[in-house]
Structures are given as C-alpha cells and as structure tokens.
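Architecture and fold: a report
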Amino acid sequence: MTNPAPEILQLGYFRLGVRALDWWQNFAALVGFGQVSDAPAGELQLRTDAERDYRIAVHAAPVTGLSAVGWEVAGPRELATVGERLRVLGSGVRDASFEEKTARKVEDMIVAVDPDGLCNEIYWGPNTALRIPFQSPTGTSFESGACGNGHVTVNVADSQSTLDYYIQGLGLRLSDAAWMEGHSRVYFLRCNARHHSFAFAQMAQRPPGTVHVMADIANLDSLGEVRDRLLNAGITLSRDLGSHPLDGVVSFYVATPDGFEFELATGTRFIAEDTWASDRFLRTGRPWGHRKPLPSKDRK
Ligand SMILES: [Fe+2]
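What comes next concerns the included structure. This is a predicted model, so every value here is computed, not measured. (Residues numbered from 1 in each chain as written. Predicted model: local features only at pLDDT ≥ 70, side-chain atom pairs only at ≥ 80, totals over all residues. Heavy atoms only, no water.)

1. Let's talk about the overall build of the protein
Rule in force here: The numbering of helices and of strands both runs from the N terminus, where a helix is a DSSP run of H or I of at least 4 residues and a strand a run of E of at least 2. All radius of gyration figures rest on C-alpha atoms, and the globule criterion is 2.2 Å times the number of residues raised to 0.38. Think of it in three bands: residues with accessible area under 20% of the maximum for their type are buried, residues over 50% are exposed, and the middle band is partly exposed, with areas taken using a 1.4 Å probe on protein chains only. Only heavy atoms matter for contacts: two residues are in contact if any of them lie within 4.5 Å across the pair. In summary, the charge assignment counts Lys and Arg as positive and Asp and Glu as negative, without counting His or the chain termini. The atoms used to mark charge sites are NZ of Lys, CZ of Arg, CG of Asp and CD of Glu.
A count of helical and extended segments in the protein gives six helices and 16 strands. Whereas a compact globule of 300 residues would reach a radius of gyration of roughly 19 Å, the protein reaches 18 Å, a difference of no more than 12%. Summarising its shape, the C-alpha atoms of the protein cover approximately 60 × 45 × 35 Å along the three principal directions. The buried share of the protein, reckoned over its 300 residues, is 51%. The long-range fraction of contacts in the protein, counting pairs at least 24 apart against all pairs at least 6 apart in sequence, stands at 66%. A gap of 5 Å separates the mean positions of the 30 positive and 36 negative side-chain charges of the protein.

2. Some words on the packing of helix α2 (residues 76-89) against helix α4 (residues 159-170)
Convention followed: Interaxial angles span 0 to 180 degrees and are taken between N-to-C directions of axes, which are lines fitted to C-alpha atoms, for helices over the stretch in contact. What sets the label is the angle itself: under 35 degrees gives roughly parallel, over 145 gives roughly antiparallel, 65 to 115 gives roughly perpendicular, and the rest give oblique. Any residue that is not Ala, Val, Leu, Ile, Met, Phe, Trp, Tyr, Cys, Pro, Asp, Glu, Lys or Arg is counted as polar, Gly included; the first ten are nonpolar and the last four charged.
Two elements in contact, α2 and α4, have axes separated by 8 Å at closest approach and are oriented at 140 degrees. The angle between the axes of α2 and α4 places the two elements in the oblique class. Packed against α2, whose contacting residues are Val82, Arg85, Leu86 and Leu89, the element α4 presents Asp164, Tyr165, Gln168, Gly169 and Leu170 at the interface. Considering only residue class, the contact of α2 with α4 consists of five nonpolar, two polar and two charged.

3. Some thoughts on the state of the cysteines
Rule in force here: Two cysteine sulfurs form a disulfide in these notes if their separation is within 2.5 Å.
Inspection of the entire model under this criterion finds zero disulfides. Just so you know, Cys119 is unpaired, no disulfide at all, and the nearest cysteine sulfur is the one on Cys191, 17 Å from it. For Cys119, a relative accessible area of 17% corresponds to the buried category. Sulfur of Cys191: no disulfide; nearest cysteine sulfur belongs to Cys147 and is 7.8 Å away. Taking the relative accessible area as the measure of exposure, Cys191 reaches 4% and is therefore buried.

4. Re the sheet that holds strand β3 (residues 43-47)
Threshold: Whether two strands pair comes down to DSSP finding at least two bridges between them.
Pairing is mixed across the open sheet formed by eight strands, whose spatial order is β2-β3-β4-β1-β5-β8-β7-β6. If you trace the sheet from one side to the other, it starts and ends with β2 (34-35) and β6 (93-95), each paired once. Both β2 and β3 contribute to a ladder of two bridges, which runs antiparallel. Bridge pairing links Gln35 to Leu46 in β3. Packing against the sheet, α2 makes contact with β6, β7 (106-113) and β8 (119-126), and its axis sits at approximately 165 degrees to β8.

5. Comments concerning the pairing of strand β9 (residues 151-155)
In terms of burial, β9 is a largely internal element, five of the five residues being buried. In β9, alternate side chains face the same way, and those of His151, Thr153 and Asn155 on one face and Val152 and Val154 on the other are all buried. Pairing analysis gives four bridges linking β9 to strand β12 (residues 198-201), with the strands arranged parallel. Across the sheet, Asn155 pairs through a bridge with Ala201, a residue of β12.

6. With respect to the coordination of the iron ion
The test is simple: For Na, K and Ca the donor cutoff is 3.2 Å, while for all other metals N, O and S atoms must lie within 2.8 Å; water is not among the atoms, so some sites may look incomplete.
Within the protein, His151 (NE2), His212 (NE2) and Glu263 (OE) serve as the donor atoms for the iron ion, at 2.1 to 2.2 Å. All donors of the iron ion come from a single chain, and their spacing in sequence reads H-x60-H-x50-E. Taken as a pair, His212 in strand β13 (residues 209-217) and Glu263 in strand β16 (residues 261-266) lie far apart in primary sequence, 51 residues in all. Assessed through its relative accessible area of 8%, His212 is described here as buried.

7. Here's the deal with the sheet that holds strand β15 (residues 249-255)
One open sheet holds the eight strands; their spatial order is β10-β11-β12-β9-β13-β16-β15-β14, and the pairing between them is mixed. Unpaired on one side and paired on the other, β10 (173-180) and β14 (237-244) mark the two borders of the sheet. Sheet twist, expressed as the mean angle between neighbouring strand axes with direction ignored, is 20 degrees. Two strands pair when backbone bridges link them, and β9 and β13 are joined in this way by five bridges, in the antiparallel orientation. Bridge pairing links His151 to Met214 in β13. Helix α5 (residues 220-232) contacts β13, β14, β15 and β16 of the sheet and is inclined by roughly 20 degrees relative to β15.

8. Examining the packing of helix α1 (residues 21-31) against α5
Between α1 and α5, whose axes approach to 8 Å, the crossing angle comes to 140 degrees. Listed contacts from α5 to Phe27, Leu30 and Val31 of α1 are Val226, Arg229 and Leu230. Within the contact of α1 with α5, the residues separate by chemical class into five nonpolar, no polar and one charged.

In structure tokens, the structure reads:
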C-alpha cells in the first residue's frame, strides 16, 4: 500500500450532532472553550485558538455523534487531487453547494462519505482574514494551531475498507495499529505531525459510529483544573486519568449524554516524519489508569 502525497494539512474542525444542547453549553463553559458569538441558532461553535473560527461545532440533531469532519487542504489543486482519488475509489463525493460553503466560511469544499456513512468535508480557504484573538474564559491553554486540535475515533464495519478509504483516498498516513482492550485492533492515522487526527476500530459488539472525540490541552496543570471544574459541577467521568503510550497523552474521558465519550488530554506526541518508522519501536511508555471512577456516594 503506497501513501499518496499529503494534501490534507490538518483536521480543521469536527461537528457533533447532539440532543442535549444545554448540557454541552455547560460542559463547554467548564472546559473553557471560547465561543463564537454569532453562531447559528441551535449551534455552539467552540474555539481553541485564533487560527480558525472554531474547532468543534455542536448542533441539535436527531442523530447524535459526528455529523461531519472538516479536513483542510492548501488550495484548489490539492482539493481536486483528493476529489479525484476518492472518485477513483468509487466512494460518494460531490461538490459542496454555495450555501454549504457559506455556512463553513470556506472558498471551496467537496463532501465525501466514508464506507460507514461518515461525512468528510474537504475544503480550502478557511476564514482567516478577520482573525479574532483567542482567550479562554477560564484561562485553559489548548494545544492547537497548524496541526489542528484533538482527534476523532470511530467504530467501523470493516477495517480494511476504512483503511483503504482514508489512506488511498484521503491521503492520511498510518502512525500505529495496536491490539487494545476488548481484542479489537485500533488504527491511528495522521495528516501532519500530530500522532493521529483520526482513529478507528472494528468492534463487532457495537454499531459503527462515534466512539469518542478529543480536545487537546497544552499542559497538565490546565488539564487538572478542567477536571476539577467538571467534577465540582457533578459531570460524570467515564474513565479517570490515565496514559495512552502510543500518542503519549495523559487523559480522562467524560460520559456525554449523547452516547459517545469526550476525551480531554495533554501531552500529544508530535512525530518527526523522517524517523517515525524506526523510532516507533523504541517507545517505552506504559499504560496506566483510565479506570472507571467510583460512584460519587462511595468517594471518600
Ligand atoms: Fe483518543
């Protein structure tokens, strides 16, 4: 399997369909995301940096989970290249409408559906002309910028089809593949130095769809402060602090009311492209933590 040229520069944004928008409003405030003040009604647009309008959009929808993943390319030539590769693969791809491009504030965009129906929005020319300075309302520092912020993880029906689609079609690169808890093989794909922006597994015991999304925080103190605020507000963690040796993070997971987890993490590994294939076997981190927290009545 060959890796095509890397047209995709970053995970620009992802969009989440949710039912409990009030819960998300509160959660966003506790984490310390910035918010776009003129977002459409029924939608929260969450900022982590000044480079892009927003990184996460949360909108009311009957179907919960990822509704779209935004992948940024440099310009029209790269957009055409990715579009052509996806067409050759035989996957559904179409030009975005004027209204869709206006809604995303991008110059041009194509919309491509992956083998499990997940919508990928590939675009160039994000709205950066009137860049608004970013300051977290809670002083949270995010690890965000040219490598995007965070990642998305999904469950798929057929790993090989998904691997072909994202590597041969979109042009992502395989960073790691590992057997994880539950005997499922998890694949981690990158589009830049960030260890992965997209991960997936084929877990037969659950339907295809969103497993978790992650927001990346710049340091452990900031992550700890976010965790304190969430716990003090009675937000339920599904897995408490722990480490993931592959991408190098310390993280915890929040149980959202919409059927997927939200990971908050720090310490993401950034890969040196020319040495990765050799140094990946020399990593020494070990997994710890990520336990299910005690019910609050049992906490001392
Ligand atoms: Fe993750």
